[in-house]
Amino acid sequence: IVVSNRVPPPADKGASAGGLAVALTEALKERGGVWLGWSGETAASDGDSGEIKQRQEGNVTFSLVDLTERDLDEYYNGFANGALWPLLHYRLDLVDFDRRDTSGYFRVNAFFARTLVSQLQPDDIIWVQDYHLIPLAAELRARGVTNRIGFFLHIPWPPPDVFFALPPHRRLLEAFSSYDLVGFQTDYDAENFVNCLVRSGLGNETSPGCFTAGDRTFRIGAFP
C-alpha cells in the first residue's frame, strides 16, 4: 500500500503527473496493490470527506478521499508547504508557522490513518511518501496497526540547528519511531536526521543504520 498526498491522474485523462507519482507508478505496477491519497477535490464539509472513491488501473487500486477547504488551508498550504517545506530546504526566512496549521496537519494525518485502517490486510506492507505524512505511522500504531511501515522523504533533511527552529520538532521526530524503515535521498540527509534524534535525546543509534527509541527499533538509510 502506497500512501501519498497526491496520486497520479487517471490514465485516460492524459494529464501530466508529478515527479513522485511518475517515480512510484512503475514500482507499484510491478507488485500490484493500493495507492491511497487525496483525490484533488474538496468536500463541502467535514462530514463529506470520509467517502472513499476507488478506481482500478491494471493491478493497482486507487483509493481516493476528498479534503475540505479547511484541511487544504491548514494541513497542505499551511503547515506542510508553509512551514515544513521551506524548513527542510534550509529556508528559515520563508517559514510561516501557525499553531492552527500544526493542528490541521496532525488532524489530516489522523484522517488518512482512519481511512487506511478500514482497507488493511494483515500482511500488507505500507509505504508512506514525503513530508506531508510524517505522523501517519504513529496514527496507525495508535489504532493497533502492526503491519510493516516504511517512509521515504523526497526532499532534503537539514541539520539539528535548522530543524529545531520549528516549534513542534520533537513531536515530529517522535513520530518517526513508529516506522520500521525511514529512507532519505542522500547519506548527508540521513546523517542530519540521526543527529537530530541524538540531540533530542530520543534514543540511541545501536548499530549503523539502526536507532532505538523507547521500545521500538527502526532502520534509517539513504536510497538515492
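Scroll up for the structure.
Residues numbered from 1 in each chain as written. Predicted model: local features only at pLDDT ≥ 70, side-chain atom pairs only at ≥ 80, totals over all residues. Heavy atoms only, no water.

K.L.:
Just to check I follow, could you spell out the pattern of salt bridges for this structure?
P.N.:
Side chains bearing opposite charge may pair, as long as their charged atoms lie close to each other. The final tally for this structure, using the stated rule, is 16 salt bridges. Across the salt bridge formed by Arg107 and Glu74, the nearest N and O atoms sit 3.0 Å from each other. Of the two residues, Arg107 is situated in helix H3 (residues 99–117) and Glu74 in helix H2 (residues 69–88); the sequence distance between them amounts to 33 residues. Here Glu174 and Arg170 are joined by a salt bridge, their closest N and O atoms 3.3 Å apart. Note that Glu174 and Arg170 are positioned in helix H6 (residues 169–176) at a spacing of 4 residues, about one turn of the helix. Residue Glu174 is classed as partly exposed on the basis of its relative accessible area, which comes to 39%. Owing to a relative accessible area of 37%, Arg170 belongs among the partly exposed residues under this scheme. Because the salt bridges share partners, they merge into one network encompassing Arg70, Asp71, Asp73, Glu74, Arg100, Asp101 and Arg107. (Salt bridge = Lys/Arg side-chain N within 4 Å of Asp/Glu carboxyl O. Helix = DSSP H or I, 4+ residues; strand = E, 2+ residues; numbered from the N terminus. Buried < 20%, exposed > 50% of the residue type's maximum accessible area, 1.4 Å probe, protein only.)

K.L.:
Would you explain helix H1 (residues 19–31) in this entry?
P.N.:
Two residues of an α-helix separated by three or four positions point the same way, owing to the 3.6 residues in each turn. When the local axis directions of H1 are compared, the greatest deviation, roughly 30°, occurs at Thr25. Along H1, the positions that sit buried rather than exposed are Ala21, Leu24, Thr25 and Leu28. Elements that come into contact with the buried residues of H1 comprise strand E1 (2–6), strand E2 (33–43), strand E4 (60–68) and strand E5 (126–129). Phi turns positive, to about 75°, at Gly32, one or two residues after H1. (Bend = angle between axes of the 7 residues up to and from the residue. Contact = heavy atoms within 4.5 Å.)

K.L.:
Mind showing me how you'd approach the side chain of Arg55 here?
P.N.:
Take Arg55: it is sitting in strand E3 (residues 52–57). Of note is the side chain of Arg55, whose polar atom sits 2.6 Å from the backbone oxygen of Pro8. Side-chain polar atoms of Arg55 contact the side chain of Glu57, separated by 2.9 Å. With residues up to four places along the chain from it excluded, the contact list for Arg55 reads Pro8, Pro9, Pro10, Val60, Thr61, Phe62 and Leu64. (Polar contact = N/O pair within 3.5 Å; in protein donor to acceptor, adjacent residues only side chain to side chain.)

K.L.:
How do you make sense of the environment of Val145 when you look at a structure like this?
P.N.:
With respect to the secondary-structure elements, Val145 resides in the loop between helix H4 (136–142) and strand E6 (149–152). Exposure remark for Val145: the relative accessible area of 9% places this residue in the buried category. C-alpha of Val145 to C-alpha of Asp180: the two residues are 35 residues apart in sequence and 12 Å apart in space. Apart from the residues lying within four places of it in its own chain, the contact partners of Val145 are Val117, Leu120, Ile126 and Leu140.

These results come straight from atomic positions and should not be treated as a statement about function.
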